[in-house]
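An overview of the molecular structure
Here is how the chains run, residue by residue.
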Amino acid sequence: MRIGIDLGGTNIAAGLVDEQMNILCKMSLPTQSERPYQAIVEDMVTLVKGLVNMGNISLSDVRQVGIGCPGTPKKETGDILFSNNLHWHNVPLLAALAEKLPSGIHWKLDNDANCAALGEVLAGAARGSRYAIMITLGTGVGGGIVLDGQIYDGVNHAGAEIGHMVIVSGGELCTCGRKGCLESYASATALIRMACEAAREHPESMLASQETLNGLVIFQAAEAGDSAAKAVIQQYLFYVAEGITNVVNIFQPEVIVIGGGICAQGEKILQPIRAQVAQAVFCKQVSVPKMVTATLGNDAGIIGAAFL
Ligand SMILES: [Zn+2]
């Protein structure tokens, strides 16, 4: 048995996972990230004990507890060097957990986007592939790179930041301080920004009559034939495909997995992305990777963490 914990900015989700990568039971608690880290550690201990109870096993049956967390972990020491979402700086996470649960548990730590990518490779949309890249289109643009079955994150574990490659030189200001990053054009936040701009320019559009704009509403408007919404989505998917083309040219993976709320649109987003990437990618005459949407949702992070 293994336990995977997805420590997010909103919730701490944990699952008991068997060796066949099935999640047997799940629990979660609100993160309340404004609390001191010790309180969050306390809740993580509660979740581990709760899952052990629910699974009717003992702590000694748990061979590994893996944690996926936002930010930059130092895997060798189990410290979180920096996490913007949690407002953490040099937090000795694994040491604090091991002190509360001194049971010989094997603890593992990695970035949440890397855990999600590993989860999709092991048990989801990229199952069976050894070279896969996951791009998560959410509030930001997350990246997870799996090369030869292993997470690749650079010498300092801060790599795989696919969202922070510039695709429009001198473009929109990004959260990282640069201008024109993929994140500023391919995140859900960017889609909404583009839709707001279109709504101002086209007062006749359905986009202009919405109280609040979100990804779903924009896709629904396009589906209903709204030309401003269609143009926004076409432009948005162009940027997504530009980013994917860059990634394919560098890594040539077997599979590109697209995650985030927008992946619920399935083939509607995949078809135009595949078409653009297939005609733009460097070695198109040789091969073009499969492009699929994520299938595990939030469970990817739990399964990936459990099998770090
Ligand atoms: Zn950036």
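Computed from a predicted structure; not experimentally measured.

1. Considering the overall build of the protein
Along the protein, the regular secondary structure elements total nine helices and 13 strands. Relative to the compact-globule value of 19 Å for 308 residues, the protein shows a C-alpha radius of gyration of 20 Å, a close match. Expressed as lengths along the three principal axes of its C-alpha atoms, the size of the protein is roughly 60 × 45 × 35 Å. Looking at the protein residue by residue over its 308 residues, the buried ones come to 51%. Long-range pairs, those at least 24 residues apart, make up 59% of the contacts in the protein with a sequence separation of at least 6. For the protein, the exposed area adds up to about 14000 Å²; of that, 51% sits on carbon and sulfur atoms.

2. Digging into the domain arrangement of the protein
Splitting the protein by domain gives domain 1 (2-118 + 299-306) and domain 2 (127-293). Look at where the C-alpha atoms of domain 1 and domain 2 centre, and you get two points 28 Å apart. The partner domain 2 presents twelve residues to the eleven residues of domain 1 that form the contact. Each partner contributes to the roughly 940 Å² buried at the junction of domain 1 and domain 2, and carbon and sulfur atoms together form 61% of this total. For the interface between domain 1 and domain 2, the tally reads one salt bridge.

3. Some details on the sheet that holds strand 6 (residues 79-83)
Ordered in space as 5-6-7, the three strands form an open sheet in which the pairing is antiparallel. Edge strands, defined here as strands with exactly one partner in the open sheet, are strand 5 (72-74) and strand 7 (88-91). Recorded for the sheet is a direction-independent mean angle of 20 degrees between the axes of neighbouring strands. In terms of strand pairing, strand 5 meets strand 6 through three bridges, oriented antiparallel.

4. A look at the state of the cysteines
For the structure shown, the criterion picks out zero disulfides. Left unpaired, Cys-115 is separated from the closest cysteine sulfur, that of Cys-69, by 8.0 Å. Of the residues examined, Cys-115 reaches a relative accessible area of 1% and is grouped as buried.

5. Examining the side chain of Asp-6
As for its position among the elements, Asp-6 is in strand 1 (residues 2-7). Despite its burial, Asp-6 pairs with no opposite charge, the nearest such side chain being Lys-26 at 9.7 Å. With residues near it in sequence (within four places) discarded, Asp-6 still touches Asn-11, Ile-12, Ala-13, Gly-68, Asp-112, Asn-298 and Ile-302.

6. Digging into the pattern of salt bridges
Tallied over the entire structure, the rule returns twelve salt bridges. Note that Glu-42 is salt-bridged to Lys-100, the shortest N-O span being 3.0 Å. Residue Glu-42 is located in helix 1 (residues 37-54), and its partner Lys-100 is located in helix 2 (residues 93-100); the two are separated by 58 residues in the primary sequence. The exposure class assigned to Glu-42 is partly exposed, which follows from its relative accessible area of 37%. Owing to a relative accessible area of 41%, Lys-100 belongs among the partly exposed residues under this scheme. A salt bridge links Asp-110 to Lys-75, with the nearest nitrogen and oxygen atoms 3.0 Å apart. Here Asp-110, found in strand 8 (residues 106-111), pairs with Lys-75, found in the loop between strand 5 and strand 6; they are 35 residues apart in sequence, far enough to count as distant. Accessibility expressed as a relative area gives 29% for Lys-75, which makes it partly exposed.

Conventions adopted
- Residues numbered from 1 in each chain as written.
- Predicted model: local features only at pLDDT ≥ 70, side-chain atom pairs only at ≥ 80, totals over all residues.
- Heavy atoms only, no water.
- Helix = DSSP H or I, 4+ residues; strand = E, 2+ residues; numbered from the N terminus.
- Rg over C-alpha atoms; globule rule 2.2 N^0.38 Å.
- Buried < 20%, exposed > 50% of the residue type's maximum accessible area, 1.4 Å probe, protein only.
- Contact = heavy atoms within 4.5 Å.
- Areas by Shrake-Rupley, 256 points an atom, 1.4 Å probe, with all protein chains shown as cover.
- Domains from an automatic or database assignment.
- Buried area = accessible area lost by both parts, 1.4 Å probe.
- Salt bridge = Lys/Arg side-chain N within 4 Å of Asp/Glu carboxyl O.
- Pairing = 2+ DSSP bridges.
- Axes fitted to C-alpha atoms, helices over the stretch in contact; angles between N-to-C directions.
- Disulfide = S-S within 2.5 Å.
- Lys, Arg positive; Asp, Glu negative; His and termini not counted.

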